[in-house]
Amino acid sequence: TIRRAFLVTALIWLACAGLVYLWPALACAQDSTTHKPTGRYASIIVDTDNLDILHARQIDELRYPASLTKVMTLYLAFDALDAGQLRLEEKIKVSSTAARTPPVDIGLRAGETVSVDTLLQAIAVRSANDAAVVLAERLGGSEAGFADLMTAKARSLGMSQTTFKTANGLPHPEQLTTARDMAKLANAVLVNHRRHYHYFGLKTFTFNGRTYRNTNKLLRDREDVDGFKT
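Computed from a prediction, not measured in an experiment: that's the story for all the values here.

### With respect to the packing of helix H2 (residues 69-82) against helix H7 (residues 179-192)
Thought 1: It is the contact of H2 with H7, at a shortest axis distance of 10 Å, that shows an interaxial angle of 25 degrees. Classed by the angle they form, the pair H2 and H7 counts as roughly parallel. Crossing of H2 against H7: the hand is left-handed. Together, Val71, Met72, Tyr75 and Asp82 of H2 and Leu185, Ala188, Val189 and Asn192 of H7 make up the contact between the two elements.

See below:
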């Protein structure tokens, strides 16, 4: 069999709290007692054939999940698709709340309708915060209600140190996870939603005449990388 592995890493930069907002892909470390950024990063590499941990660095220390949050948002959307509660061609109306979501976004306007398939691509490729809120409101009634569903799903997957408060990873002091927990989520996607995994590997996405490139630059730089999130 082909040996497959995935990497979950939280990158740390100076002034990380500000960069989390500007660049959701960057997740800052924080002290588990004071909840203050510590300036360290965490990473884990797991062999998906046998779940052996090949590399581990601070994998149980609390981190802000930032844009990795959207992996769980997509996971719940995949659950809904498989259960027949959602259809790819279904059009969802954009609320004023979703339209006001800070960038990164795809410029959704309040009152317009967008297909589920478009929203999934926007989240996986563009890492669009507004698209994540549209899906969250459709599935959870509100973003807060959806966040509760996200946390419940995390617990069911054994992600005991993870709490979600937003659907897109925009800063929230109580939204926390660990590298180990995110690795569990990544593996759950591969095991339970293999047929939807292709969304994570899309290199481009076009909406309203504009083409966006995947924020995961490794998809372009390395042929052996096939998905997941920045």
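### Some details on the pattern of salt bridges
In a structure, side chains of opposite charge can pair up when their charged atoms sit close to one another.
Thought 1: Scanning the entire structure with this criterion turns up eight salt bridges.
Thought 2: In this structure, the salt-bridge partner of Asp82 is Arg195, at a minimum N-O distance of 2.9 Å. Of this pair, Asp82 sits in helix H2 while Arg195 sits in the loop between H7 and strand S6 (204-207), placing them 113 residues apart in sequence.
Thought 3: A relative accessible area of 59% places Arg195 in the exposed class.
Thought 4: In this structure, the salt-bridge partner of Glu90 is Arg138, at a minimum N-O distance of 2.7 Å. Of this pair, Glu90 sits in the loop between H2 and strand S4 (91-93) while Arg138 sits in helix H5 (residues 129-140), placing them 48 residues apart in sequence.

### Here we look at the pairing of strand S2 (residues 42-47)
Thought 1: Counting buried positions along S2 gives five out of six residues, so the element sits mostly inside the fold.
Thought 2: Hairpin connection of S2 to strand S3 (residues 53-57): five residues between the antiparallel strands, including Leu51 at a positive phi of 65 degrees.

### Things to note about the nonpolar core
Thought 1: Within the largest apolar cluster, 50 residues are counted, with the highest numbers of intra-cluster contacts made by Met72, Ile106, Leu108, Leu119, Leu120, Leu135 and Phe200.
Thought 2: Looking at this core, the elements that each hand over two or more residues are H2, helix H4 (116-126), H5, helix H6 (143-156), H7 and S6.
Thought 3: Per element, the largest residue contribution to this core is nine residues, and it comes from H2.
Thought 4: Beyond its immediate sequence surroundings of up to four residues, Leu120 is in contact with Leu74, Ala77, Phe78, Leu81, Leu88, Leu135 and Tyr199.
Thought 5: With six residues, the next largest nonpolar core counts Ala42, Val46, Ile59 and Ala179 among its residues.

### Observations regarding the environment of Ala66
Thought 1: Its location among the elements puts Ala66 in the loop between S3 and H2.
Thought 2: Looking at Ala66, the relative accessible area reads 2%, which means it is buried.
Thought 3: Once the C-alpha coordinates of Ala66 and Pro171 are considered, the two residues, 105 residues apart in sequence, prove to be 7.0 Å apart.

### Some details on the packing of aromatic side chains
Think of a pair of aromatic rings as described by two things: how far the centres are apart, and how the planes are tilted against each other in angle.
Thought 1: With the rule as written, the count across this model stands at seven aromatic pairs.
Thought 2: Plain terms: the ring middles of Phe78 and Tyr199 are 6.1 Å apart, the flat faces sit at 25 degrees to each other, and that makes the pair stacked. Taken together, the residues span a long stretch of sequence, with Phe78 in helix H2 and Tyr199 in the loop between H7 and S6 at a distance of 121 residues.
Thought 3: The buried category is assigned to Phe78, whose relative accessible area is 0%.
Thought 4: One aromatic cluster is present, built from ring pairs that chain together Phe78, Tyr197, Tyr199, Phe200 and Phe228.

What counts and how
- Residues numbered from 1 in each chain as written.
- Predicted model: local features only at pLDDT ≥ 70, side-chain atom pairs only at ≥ 80, totals over all residues.
- Heavy atoms only, no water.
- Axes fitted to C-alpha atoms, helices over the stretch in contact; angles between N-to-C directions.
- Helix = DSSP H or I, 4+ residues; strand = E, 2+ residues; numbered from the N terminus.
- Parallel < 35°, antiparallel > 145°, perpendicular 65-115°, else oblique.
- Left-handed = near helix turned anticlockwise from the far one by under 90°.
- Contact = heavy atoms within 4.5 Å.
- Salt bridge = Lys/Arg side-chain N within 4 Å of Asp/Glu carboxyl O.
- Buried < 20%, exposed > 50% of the residue type's maximum accessible area, 1.4 Å probe, protein only.
- Pairing = 2+ DSSP bridges.
- Core = buried A, V, L, I, M, F, W, Y, C linked by side-chain atoms within 4.5 Å.
- Phe/Tyr/Trp six-rings, centres within 6.5 Å; stacked < 30°, edge-to-face > 60°.

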